[in-house]
Amino acid sequence: MNNLIPKIGLEIHLELGTKTKLFCACKNDPEETEPNKNICPICTGQPGVLPVLNKQAVIYAYSLAKALKMKINQKSLFARKHYFYPDLPKNYQISQYEHPLAVEGEVLVIRENFRKKVRIRRLHLEEDTASNIHFANYSLIDFNRSGIPLVEIVTEPELNSAEEVEAFAEDLVLLIRYLKISDASAEKGQIRFEANISLGKGEELGTKVEIKNIAKIKSLKNAVLTEIERQKDLISKGEKIIQETRGYDEIKNITFTQRAKEFEEDYRYFPEPDLPPLIIDQEIENSAVYVETPWDKRLRLEKEYNLDYQTIILLTQNPFLSHFFEESFSELYKFTSNFEETKKLIVNFMINDLLGLLSKFRVELSEKIIHPHEFAHLLFNFYQEKISSKVVKEALEKTIKGEGMIEDIIKEKEKISDAQVLSNIIDEVIKENQKIVQDYLAGKDKSLEFLIGEVMKKTKGRADPKLTREILIDALR
Ligand SMILES: [Zn+2]
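Residues numbered from 1 in each chain as written. Predicted model: local features only at pLDDT ≥ 70, side-chain atom pairs only at ≥ 80, totals over all residues.

A. Summary view of the overall build of the chain. On a plain count of helices and strands, the chain comes out with 15 helices and 16 strands. The C-alpha atoms of the chain give 32 Å as radius of gyration, which overshoots the globular expectation for 477 residues (23 Å, by more than 25%). Within the span of the chain, comprising 477 residues, buried residues form 33% of the whole. The contacts in the chain between residues at least 6 apart in sequence include a share of 68% that link residues at least 24 apart. (Helix = DSSP H or I, 4+ residues; strand = E, 2+ residues; numbered from the N terminus. Rg over C-alpha atoms; globule rule 2.2 N^0.38 Å. Buried ≥ 20, exposed ≤ 12 C-beta atoms within 10 Å, placed from the backbone. Contact = placed C-beta atoms within 7 Å.)

Now the structure itself:
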């Protein structure tokens, strides 16, 4: 019992964020609320129509496959997958089967307490189905979703816990957002997870149970956790696991039988005669999106900067954050030539102050809000003890609220406008210039200008002139 290890594989369906559907020019709009608005004879499966492949969908799918370090099939084929269900008007779905777009990739999941390489078995393109809306005595069909481009990603069954499943799903979604090929929004139904779960000894797989159609990562984690417990419980009672498809009830936190599967379904796949082979040509390669994956970035930040785990995770939440970190780091390091000090300054002020203020004022970090070089310059002033940490924070807040440029704020703050500081300097000037003071008191107004000049000399011109004049007049009364 105790030596049974959960083996979990995932199938992920992702709607790509193209402008139009996979085989027709209808709008791909997951936010459309009016049913059957974005439809045409192709995506409603009318006889005699011909599908035309959407190149953007291919470019997005290819970009994802490359980021997952997959082997690309320069030539892949579309196939018809047959089944009968009201959401499928043609009675078949155009998918890829024996010759998918890509095979054999990997994701490296990095968490504080584990690191796990998860192999990806395959990635292929297919069309989404329509959606059924069920009422008490009848159902309605909305074809807006029918024909939206999907990629299906299948992992090897080598995730071993609900935590690993959650972490994998989070990182995959993060990658998709880095690539900007889809919002991967659970709320808009753009991503759906399926988990197959079995318990087995060592490398062995047990009888597998599939849990279908889960949108949110949290629900996926809970479903997997619940199903592992259910199977453990059955095995400990000496009962058999039945191979079946189960649903997950989020509210009751249970999985329930949907349909028993004594044998694999026969979809009677056959090659799609209306579409030519999909060839990955130079144009697709050139148009693809290439990014450093979140996990490669994490490894690199760890290696190059020796940052702690929390900081690395925070900085890789979006590509601009880590870019901002690295840009400001290299700029500040040019001035300080001190690696550890530079790191300490950037990490402290960026994470504790800058990011805190941005979230407080609900502003997204961008170069328009604050350029990394400006940030570095601000911190260098602090490093040189020209300004206090309080001033750094004030400057950040002002620039985030759009109340001034960092450069001006620094200048402003460098100016001595502290009355106490000025008073001390003025007292010195008065002591050192008794004769001039006497002249002034005797009515020689010009002497005042001379004394102000002396204050300016002492402060290298940083004394606030207006305030200096006021304090000086007061002091001479
Ligand atoms: Zn259409």
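B. Structural view of the pairing of strand β10 (residues 149–155). Counting buried positions over the seven residues of β10 gives six, a clear majority of the element. Pairing of strand β1 (residues 4–15) with β10 involves five bridges; the strand directions are antiparallel. Pairing of I12 across the sheet is with I153, part of β10. Judged from the seven bridges that link them, strand β7 (residues 115–127) and β10 form a sheet pairing that is antiparallel. Across the sheet, the residue bridging to H124 is E152, located in β10. (Pairing = 2+ DSSP bridges.)

C. Just the domain arrangement of the chain, in detail. Each domain of the chain was delimited in the assignment, giving domain 1 (4–287), domain 2 (294–414) and domain 3 (419–475). Put simply, the middle of domain 1 and the middle of domain 2, counted by C-alpha atoms, are 39 Å apart. On the side of domain 2, five residues touch domain 1, which itself brings eight residues to the contact. Elements with a minimum of two residues in the side of domain 1 that touches domain 2: β6 (102–110) and α2 (162–179). Examining the composition of the side of domain 1 that touches domain 2, we find that four residues originate from one element, α2, more than from any other. The residue makeup of the side of domain 1 that touches domain 2, split by class, is six nonpolar, no polar and two charged. (Domains from an automatic or database assignment. Nonpolar A, V, L, I, M, F, W, Y, C, P; charged D, E, K, R; others polar.)

D. Up close: the environment of I471. In this structure, I471 sits in helix α15 (residues 465–475). Residues in contact with I471, not counting those within four places in the same chain, are A419, L422, S423 and I426.

E. Molecular detail of the sheet that holds strand β4 (residues 79–82). Read from one edge of the open sheet, three strands run β5-β4-β15, paired in antiparallel fashion. In this open sheet, the two edge strands, each paired with only one partner strand, are β5 (92–95) and β15 (270–271). Sheet topology note: the β4/β15 ladder contains two bridges and is antiparallel. Bridge pairing in β15 places R80 opposite F270.

F. Just the pairing of β7, in detail. Judged from the eight bridges that link them, β6 and β7 form a sheet pairing that is antiparallel. Paired with G105 across the strands is I120, a residue of β7. Between β6 and the antiparallel strand that follows it, β7, lie four residues.

G. The arrangement of the packing of helix α7 (residues 319–336) against helix α8 (residues 339–360) in detail. Relative orientation of the contacting elements α7 and α8 amounts to 140 degrees, with a least axis distance of 9 Å. On the basis of the axis angle, α7 is oblique to α8. Crossing hand, α7 versus α8: right-handed. Two secondary-structure elements touch here, α7 through F325, S328, F329, L332, Y333 and T336 and α8 through F339, E341, T342, L345, I346 and M350. When the residues that make up the contact of α7 with α8 are grouped by side-chain class, the tally is eight nonpolar, three polar and one charged. (Axes fitted to C-alpha atoms, helices over the stretch in contact; angles between N-to-C directions. Parallel < 35°, antiparallel > 145°, perpendicular 65-115°, else oblique. Left-handed = near helix turned anticlockwise from the far one by under 90°.)

H. Geometry of the sheet that holds strand β14 (residues 254–260). Pairing is mixed in the open sheet, where nine strands are placed in the order β2-β6-β7-β10-β1-β11-β12-β13-β14. Either end of the sheet is taken by a strand with one partner, and the two such strands are β2 (71–72) and β14. Where strand β12 (residues 209–214) meets strand β13 (residues 244–249), three bridges bridge the pair, whose relative direction is parallel. By the bridge assignment for β13, I211 is matched with R246. Strands in contact with helix α3 (residues 217–236) are β1, β11 (191–201), β12, β13 and β14; relative to β11, the strand with the most contacts, it is inclined by about 25 degrees.

I. Up close: α2. Look at α2: 26 Å from first C-alpha to last across 18 residues, which is about the 26 Å you get at 1.5 Å a residue. Residues of α2 that are buried include every one of A162, E164, V165, E166, A167, F168, A169, D171, L172, V173, I176 and L179, and no others. K180 sits one or two positions beyond α2 and adopts a positive phi of about 60 degrees. (Expected span 1.5 Å × (residues − 1).)

J. Fine view of the environment of K27. With respect to the element layout, K27 can be found in the loop between β1 and α1 (55–67). Residues K27 and N38, spaced eleven residues apart in sequence, show a C-alpha to C-alpha distance of 5.7 Å. Contact partners of K27, with chain neighbours within four places excluded, come to T20 and N38.

K. Geometry of helix α10 (residues 389–400). In this model α10 runs 17 Å from its N-terminal to its C-terminal C-alpha over twelve residues, within 8% of the 16 Å that 1.5 Å per residue would give. Of the residues flanking the end of α10, it is G402, one or two places downstream, whose phi is positive at about 70 degrees.

L. Representation of the environment of R246 in the model. Tracing the sequence through the fold places R246 in strand β13. Here R246 falls in the buried class, since 22 other C-beta atoms lie within 10 Å of it. On a C-alpha basis, the gap between R246 and F256 in space is 5.1 Å, while along the polypeptide they are ten residues apart. Setting aside residues no more than four positions away along its own chain, R246 makes contact with V209, I211, T255, F256, T257 and Q258.

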